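Chain by chain, the residues run as shown.
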Amino acid sequence: MENVLANLGSPTPDQTTSIQIFAVVGNQLQVQFTGMPSNQPNNYGNYLAVWKNQNTIPWNSAAADGYVAVLGNSSQSGQVFENIKVEVGVSYVVGYAVGPKLTGAMQVWGNICTSGFVPASGDSTYLSPSLSNVLPLSNSVSMNFQLPFGATPKTNGAWVGIWQTGQPSYTVQPMGSNIIGLDSSQGGAAINGISILRSQIYTVALFASGYKAGAGGVNVLTAMTCSSTFTT
């Protein structure tokens, strides 16, 4: 008997984009990041930005206090902010973006999907994007999403997609997709008009921007933030 799951791809656990902040000293701030598998940070315009005296991302600030483009194409690596003054008694917020700065009515820093807060004293805290409470029905799937506080996903063209595989794709369009329908950093999302079959593996993924933004109204697949895999 043919193995129905053979062509679905290898299932992966839920994945997300995250950072850790190290070496907060003098004139340097080092950040380690872990992105989605198959992400190509340099090719896809990923970057890190930092602001002082902030506890959340200033989404439409004209400039950051520090900015570095990710140089390589490894989905897990590190980058150093150089020549930045890490001052005593000052807090900092760092953001990692899965795509370039946005333009027009969108938030300038809207592709930032994970952040870290460095208080004036004490330990750093972090927020990573997530998809949770995924509920598949026969012709739809619903889920909850989370992005950093203050993000406006609808305005930025954030969206969710679903694949009948064990992992999302940077190159193959999903079998169904939908824009995030609200400008809140957390809430619900849904995809309708699809067929969910029994005993199959599916993956949903959240993108920070790019809904129908490609040539001919095709979703841009490169700003992927996180995913969740489930079996029916």
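Quick caveat: nothing in here was measured; it's all calculated off a predicted structure. (Residues numbered from 1 in each chain as written. Predicted model: local features only at pLDDT ≥ 70, side-chain atom pairs only at ≥ 80, totals over all residues. Heavy atoms only, no water.)

Novice: Account for the overall build of the protein, with residues named and values stated.
Specialist: Looking only at helices and strands, the protein features 1 helix and 16 strands. A globule of 232 residues ought to have a C-alpha radius of gyration of about 17 Å, and the protein, at 18 Å, matches this closely. For the protein, the spread of C-alpha atoms along the principal axes amounts to about 65 × 35 × 30 Å. Counting all 232 residues of the protein, 44% fall into the buried class. Look at the contacts in the protein between residues 6 or more apart in sequence, and 68% of them connect residues 24 or more apart. Accessible surface for the protein amounts to roughly 10700 Å². Of this, 50% is attributable to carbon and sulfur atoms. (Helix = DSSP H or I, 4+ residues; strand = E, 2+ residues; numbered from the N terminus. Rg over C-alpha atoms; globule rule 2.2 N^0.38 Å. Buried < 20%, exposed > 50% of the residue type's maximum accessible area, 1.4 Å probe, protein only. Contact = heavy atoms within 4.5 Å. Areas by Shrake-Rupley, 256 points an atom, 1.4 Å probe, with all protein chains shown as cover.)

Novice: Could you give an account of the nonpolar core, with specific residues and numbers?
Specialist: Among the nonpolar cores identified, the biggest contains 49 residues, and Phe81, Val94 and Ile162 are the most heavily contacted of them. The residues contacting Phe81, other than those within four sequence positions of it, are Asn27, Gln28, Leu29, Val31, Leu48, Ala49, Val50, Gly66, Tyr67, Val68 and Val94. In terms of nonpolar packing, the next biggest core, distinct from the first, is built from 9 residues, Trp163, Ala205, Phe207 and Met224 among them. (Core = buried A, V, L, I, M, F, W, Y, C linked by side-chain atoms within 4.5 Å.)

Novice: Quick one: what's the story with the environment of Thr17, residue by residue and with numbers?
Specialist: As for its position among the elements, Thr17 is in the loop between strand S1 (15-16) and strand S2 (18-25). Each residue touching Thr17, except ones within four places of it in the same chain, is listed here: Thr34, Gly35, Met36, Tyr96, Val98, Cys113, Thr114, Ser128, Pro129, Met224 and Thr225. One polar contact links the side chain of Thr17 to the main-chain carbonyl oxygen of Thr225, over a distance of 2.8 Å. (Polar contact = N/O pair within 3.5 Å; in protein donor to acceptor, adjacent residues only side chain to side chain.)

Novice: Could you give me a rundown of the pattern of salt bridges, with the residues and numbers involved?
Specialist: Tallied over the entire structure, the rule returns 1 salt bridge. A salt bridge links Lys52 to Glu87, with the nearest nitrogen and oxygen atoms 3.1 Å apart. One end of the pair, Lys52, is in strand S4 (residues 47-52); the other, Glu87, is in the loop between strand S6 (76-82) and strand S7 (92-97), with 35 residues separating them in the sequence. A residue is classified by how much of its surface remains accessible, and Glu87, at 34% relative accessible area, is partly exposed. (Salt bridge = Lys/Arg side-chain N within 4 Å of Asp/Glu carboxyl O.)

Novice: Explain the sheet that holds strand S8 (residues 112-118) residue by residue, including any values.
Specialist: As summarised here, the arrangement of the 5 strands in space is S5-S4-S7-S8-S9, forming an open sheet in which the pairing is antiparallel. Strand pairing shows two members of the sheet lacking a second neighbour, strand S5 (66-69) and strand S9 (125-127), which therefore form its edges. In this sheet, neighbouring strand axes are inclined to one another by 15° on average, regardless of whether the strands run parallel or antiparallel. The pairing of S4 with S7 spans 6 bridges and is classified as antiparallel. Its bridge partner being in S7, Tyr47 is matched across the sheet by Ala97. (Pairing = 2+ DSSP bridges. Axes fitted to C-alpha atoms, helices over the stretch in contact; angles between N-to-C directions.)

Novice: Any details on the environment of Lys52? Residues and values, ideally.
Specialist: Looking at Lys52, the relative accessible area reads 31%, which means it is partly exposed. Sequence-wise, Lys52 and Val86 are 34 residues apart; in three dimensions their C-alpha atoms are separated by 8.7 Å. With sequence-adjacent residues up to four places away left out, Lys52 is seen in contact with Asp65, Glu87, Val90, Ser91 and Tyr92. Polar contacts involving the side chain of Lys52 include one to the side chain of Glu87, which spans 3.1 Å.

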